[in-house]
Amino acid sequence: MPADGDRALEAAVRIVQSRWASPLSGIVGAAALLPGGELVAAASRVAGPALFAHAEAELLNRIDEAGRLNDLPAARIASTLSPCLRGSKSRQGRACAERLVAHDIAEIVVGHIDPTQPPLDEYRRIGLNVILTGNERLRLICDRLAGIFDVYGERVNTEIGTIKERVGEGIFMV
Ligand SMILES: [Zn+2]
């Protein structure tokens with residue numbers, strides 16, 4: 001159901017926006033629409049010098065804290081950026097795509113496909129279907145968020161607070 005995926009994606013965007021002023025919060029958001037209609041969202045988080053806890057990992061932690069891990073296979077999951085599959089030195093722990101699959105999540109709706117990650121076939125091979133949203137407004141915002149990585153490169157890992165301040169919250173205006 002694309003509408004459910006976009007509700008989750010909207011929540012993923014909004015949590016990034018709501019933490020724009022925080023230098024400890026990153027520029028990727030993830031969210032889950034759980035059976036029963038609750039939305040749980042999380043943003044990537046600074047976890048150390050040049051180290052991030054990714055949004056999907058944070059989301060799984062929030063859902064675990066809420067005691068809802070068992071609901072994940074029936075949930076709709078979304079992320080502003082397609083989940084990582086490759087290794088990354090700036091990431092805390094294992095790849096997000098593997099984490100999602102380990103929790104029996106078979107599908108994720110995303111607002112932007114990360115071109116630095118493997119082709120979507122490789123995600124399918126480990127059991128994860130990555131779907132780009134058809135919602136143009138959400139896609140535009142997620143394209144802009146992902147564009148920050150293109151513009152600032154490695155500096156995103158060390159200067160996220162300053163970068164967000166410079167970019168400004170206008171990035172969410174469509
Ligand atoms: Zn990741």
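In the block above lies the structure referred to throughout.
Residues numbered from 1 in each chain as written. Predicted model: local features only at pLDDT ≥ 70, side-chain atom pairs only at ≥ 80, totals over all residues.

## A look at the overall build of the chain
Definition in use: Every helix listed is a DSSP run of H or I at least four residues long, and every strand listed is a run of E at least two residues long, numbered separately from the N terminus. Our radius of gyration is a C-alpha quantity, and the globule rule it is checked against amounts to 2.2 Å times the number of residues to the power 0.38. Contact criterion: two residues are in contact if their C-beta atoms, reconstructed from the backbone, are within 7 Å.
The secondary structure content of the chain amounts to six helices and six strands. Element order for the chain, N to C, with α for helix and β for strand: α-β-β-β-α-β-α-β-α-β-α-α. For the chain, whose C-alpha radius of gyration is 15 Å, the value lies close to the compact-globule estimate of 16 Å for 174 residues. For the chain, the C-alpha atoms occupy an extent of roughly 40 × 35 × 30 Å along the three principal directions. Partitioning the contacts of the chain with sequence separation of at least 6, the portion at a separation of at least 24 is 66%.

## Topic: the environment of Ile27
When you line up the elements, Ile27 lands in strand β1 (residues 25-33). Along the sequence, Ile27 and Val13 sit 14 residues apart, while their C-alpha atoms lie 9.1 Å from each other. For Ile27, the residues in contact, after removing those within four places along its chain, are Val16, Ser44, Leu145, Ile148, Ile160 and Lys164.

## A closer look at the pairing of strand β6 (residues 129-132)
Counted only if it meets this: In this analysis, strands are considered paired if DSSP registers two or more bridges between them. Crossovers are described as right-handed under a simple rule: with the strands pointing away from the observer, the path leading from the first strand over the helix to the second runs clockwise.
By the bridge criterion, four bridges tie strand β5 (residues 107-110) to β6 in an arrangement that is parallel. Counted as the bridge partner of Ile108 is Val130 from β6. Chirality of the crossover, the property in question, places the unit of β5, helix α4 (residues 120-126) and β6 among those that are right-handed.

## Section: the pairing of strand β2 (residues 39-48)
Sheet topology places β1 next to β2; six bridges connect them, and they run antiparallel. Looking across to β2, one finds that Ala32 is bridged to Val40. Count of turn residues in the β1/β2 antiparallel hairpin: five residues, of which Gly36 carries a positive phi of about 105°. When β2 meets strand β3 (residues 51-53), the two strands line up antiparallel, connected through three bridges. Paired with Val46 across the two strands is Phe52, which belongs to β3. With antiparallel pairing between neighbouring strands as the criterion, β2 and β3 make up a hairpin whose turn holds two residues, including Ala50 at a positive phi of roughly 55°.

## Here's the deal with the environment of Asp150
As for its position among the elements, Asp150 is in helix α5 (residues 136-152). In this structure, the C-alpha to C-alpha distance between Asp150 and Ala32, residues 118 residues apart in sequence, is 27 Å.

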